[in-house]
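# Structural characterization, general
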Amino acid sequence: AICKSLKNNGYHKLLTVERNKLNLMRYSEVKEYLSFENPEVVIIAAAKVGGIFANNTYPAEFITENLLIQTNIIQSAFNFGIKKLLFLGSSCIYPRLCDQPISEKDLLNGYLEKTNEPYAIAKIAGIKVCESYNRQYSESHGIDYRSLMPTNLYGSGDNYHKKNSHVIPALIRRIHDAKIKNLDKVEIWGTGSPKREFLHVDDLAEACVHVMNLDKSKINKFIDPMCSHINVGTGVDTTIKDLAYKISKIIKYNGLLEFNSSKPDGSPRKLL
């Protein structure tokens, strides 16, 4: 989506690489790739991601892989004199119980949601790495590393894995399968009461290009050196229950939606 947006905005010399050709968890490979390609700007959209089940099942991978990916890229970018970098985080960086809507200044002001704490800590570290490089090297080396925190995303190219997907593709997959198999009910994790805000991936991509191109003097009016990340959302949210019924109606599934309250809900609300 970001590549598509960049092309639409006049950028055509785009560097992308498949994961089977570059392991971002190996510093030597990242260093060699950036040294050879010598990009002007780096956008970090790579991450180990998933829904509640994946985060709960693989906490070690979620914290370790994300820390390695982002640190390797940011450090290598700095070492090769790349001035501009954009880091993508997640709204789960904020405390579980937060005033709504959530402000950037709410970061580190409370306990994180336990089901995705390892992932959130990795993303918080990414923000702080960018901030620390800016504080130490923006004047001497002219670097400008920015961080965006998107809300829940959906759209083309999503992951529809049965267990490791996020809520919208997970519900689409589960309800669609139930319709195809003529099942009389679908189990949905949690009570259905948590509220979530959703943003189409193409809209996030436009935000990435917009923020990347903002003049530094303009962006500095809205951030400070120790709170430099920017939220990206729609300002509108919906309950998981309403979302599930909307998806069910679109798919024309006539069976029962059964909410399993013994399964975790995650954060009660995350409106940016």
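Residues numbered from 1 in each chain as written. Predicted model: local features only at pLDDT ≥ 70, side-chain atom pairs only at ≥ 80, totals over all residues. Heavy atoms only, no water.

### Digging into the sheet that holds strand E3 (residues 144-150)
Rules: Following DSSP output, two strands are said to pair if at least two bridges run between them. Under the scheme used here, helices are H or I runs from DSSP no shorter than 4 residues and strands are E runs no shorter than 2 residues, and both carry numbers assigned from the N terminus. Only the contacting stretch of a helix is used when fitting its axis, a line to C-alpha atoms as for every element, and angles between N-to-C directions run 0 to 180 degrees. It only takes one pair of heavy atoms within 4.5 Å for two residues to be counted as in contact.
Read across the sheet, 4 strands follow the order E1-E2-E3-E7 without closing on themselves; strand pairing throughout is parallel. Strands with a single pairing partner mark the edges of an open sheet, and in this sheet they are strand E1 (41-44) and strand E7 (230-232). The mean inter-strand angle of the sheet, taken between neighbouring strand axes irrespective of direction, is 20°. Relative to E7, E3 runs parallel, the two sharing 3 bridges. Across the sheet, the residue bridging to Met-149 is Asn-231, located in E7. Its contacts with the sheet place helix H5 (residues 117-141) against strand E2 (84-88) and E3, and it is angled at close to 155° to E3.

### With respect to helix H2 (residues 27-37)
For clarity, the threshold we go by: Each residue is assigned to one of three classes by its accessible area relative to the maximum for its type, calculated with a 1.4 Å probe on protein chains only: buried under 20%, partly exposed between the two thresholds, exposed over 50%. Comment: arc refers to directions from the helix axis out to C-beta atoms.
Those residues of H2 that sit buried are Val-30, Tyr-33 and Leu-34. Down the axis of H2, the smallest arc covering the buried residues is 90°, so these residues share one side. Across from the buried face of H2, at angles greater than 90 degrees, the exposed residues are Ser-28, Glu-32 and Phe-36. Where H2 is buried, its residues contact E1 and helix H4 (59-79). Immediately beyond the C-terminal end of H2, within one or two residues, lies Asn-38, with a positive phi of roughly 50°.

### Notes on the side chain of Lys-270
Convention followed: For this count, His and the chain ends are skipped, Lys and Arg are scored as positive, and Asp and Glu as negative. Should a side-chain nitrogen of Lys or Arg be within 4 Å of a carboxyl oxygen of Asp or Glu, the pair is scored as a salt bridge.
Along the polypeptide, Lys-270 turns up in strand E10 (residues 269-270). At 8.6 Å, Glu-113 is the nearest oppositely charged side chain to Lys-270, a buried residue that forms no salt bridge. For Lys-270, the contacting residues outside a window of four places in its chain are Ser-91, Cys-92, Gln-100, Ile-102, Thr-151, Asn-152, Lys-195, Arg-196 and Glu-197.

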